[in-house]
Amino acid sequence: MTVLRTVDLTGITSDYRSHLPRADFDVEAALEVVRPICADVRARGAEALTDYSKQFDGIVPDSFRVPAEVLERCAQELDPLLAEAFAESIRRRRHVAETLELETDAAPAVLADGAHVGLRTIPVDRVGLYVPGGLAPLASSVIMNTVPAQVAGVRQIAVASPPQKEFGGWPHPNILALCHMLGVDEVYAVGGAQAIAMFAHGVKDLCEPVSLVTGPGNIWVVAAKRQLRGVVGIDSEAGPTEIAIVADSTANPVFVAADIISQAEHDPLAASVLITDSSALAEAVIPEVEKQLAATKHIERIRTSLTGQQSAIVMVRDIDQAVAVADAYGAEHLEIQTADASAVAARIRNAGAIFVGDHSPVSLGDYSAGSTHVLPTAGCARHSSGLNVRSFMRTVHVIDYTRDALLEIADGVERFALAEDLPGHAHAITVRRSQ
């Protein structure tokens, strides 16, 4: 089957969303499976974790919490060059988090003499970070979740990742090594929906409940987040990963093909979408994808992704329409490979992250650009942001009025309360007039 079908939007002028490719990702159906798992973990705790570890992972770790000596050993056994790459990725992510994402307390607003309203920014007390370990052990997610949480000032950070048969029931050694490098010593060999349930409800004598769960995962993890939202805060319901590339005739088809393949490598449901006004580029990309695909490792996974309904070459009239289509799609990752790429990128309103020019591929952002790679999918970039320092913080108004400042506005507040038929509210003002 030829990779990357073509979707022609040149004659379409509106409602681009209904014509754009997307993967099926039925979280509601998955909820029927996940709901009893979450309830069972709440009821039976570690006993349920043991049963699900046998069922889903094929192994039960010696302990669900990974011992500190295992974390340290994994760090010590890292290849020195890989350890250096990890350290540089941590350094760059921390630098961006500290210089661009860290909110500080603002000066209070003065509404009248003695009437002050301030805004405090307070970090979440305890978070649970999920790191996938399925088709690809995403050690980089340890950095992307942990660093902004640390910069935010989160006091307690716990990490969960599935146990792996080939590593004696512990999560992947690279994941454990990064936890050690980042100073995270509360690490659990628990995966899937049961890990989210463990974080949300807590497990006696093992794991205390958290206030917020973050990190990507498969549909079962997403379904568990939806099921437990309200019991615990969540970052997002992330679906299959996706890339959209806006490119014109100046784009290098070798680069475009490589970036399409790199995203398809994640998952058979991963989406790769090329949006172009150049038929010459489109015609050059398809054979280039086939050529590069023949030389890569995960051929079947990538081909499944690229021949699926979620991937396509989308033909547009011009760059103006390309921008409109890209905004309608709201890609998790959006590359701009056009003439004057910076100017085109500046026009984009909806994207999880924007990669500008020939030398800013998504792979760079996945690891060491300094940006976050935990990003909104399935068009959610139209209303949501990627994981950053502010994701781990809450804002709290601090209201500080003197008696005179209250009396100055008391009449209006009382009238407002009575207009809503809430006389008790009015009385709480009135009683202070004579005291």
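Further up the page is the structure itself.
Overview of the structure. Model, not experiment: these values are computed from the prediction.

On to the packing of aromatic side chains, then. Under the definition given, this model contains two aromatic pairs. Between Y52 and F56 the ring centres are 5.9 Å apart and the planes differ by 10°, which places this aromatic pair in the stacked class. With a gap of four residues between them, Y52 and F56 both fall in helix α2 (residues 46–57), about one helical turn apart. With 6.5 Å between their ring centres and 80° between their planes, Y188 and F199 make a pair best called edge-to-face. Here Y188 is found in strand β6 (residues 186–188), whereas its partner F199 is found in helix α7 (residues 192–201), with eleven residues between them in sequence. F199 shares its class with Y188; the two are buried. A cation over a ring is seen here: R22 above Y329, with NZ or CZ 3.8 Å from the ring centre.

Quick look at α2 now. Taken as a whole, α2 has its buried residues at A48, L49, Y52, S53 and D57. Seen from one end, α2 has its buried residues packed into an arc of 135°, which puts them on one side. Opposite its buried face, α2 presents the exposed residues E47, K54 and Q55, each directed more than 90 degrees away. Packing partners of the buried residues in α2 comprise α1 (27–44) and α7. Of the residues flanking the end of α2, it is G58, one or two places downstream, whose phi is positive at about 75°.

The rules behind these values
Residues numbered from 1 in each chain as written. Predicted model: local features only at pLDDT ≥ 70, side-chain atom pairs only at ≥ 80, totals over all residues. Heavy atoms only, no water. Phe/Tyr/Trp six-rings, centres within 6.5 Å; stacked < 30°, edge-to-face > 60°. Helix = DSSP H or I, 4+ residues; strand = E, 2+ residues; numbered from the N terminus. Buried < 20%, exposed > 50% of the residue type's maximum accessible area, 1.4 Å probe, protein only. Lys NZ or Arg CZ within 6 Å of the ring centre and 35° of its normal. Arc of directions from axis to C-beta. Contact = heavy atoms within 4.5 Å.

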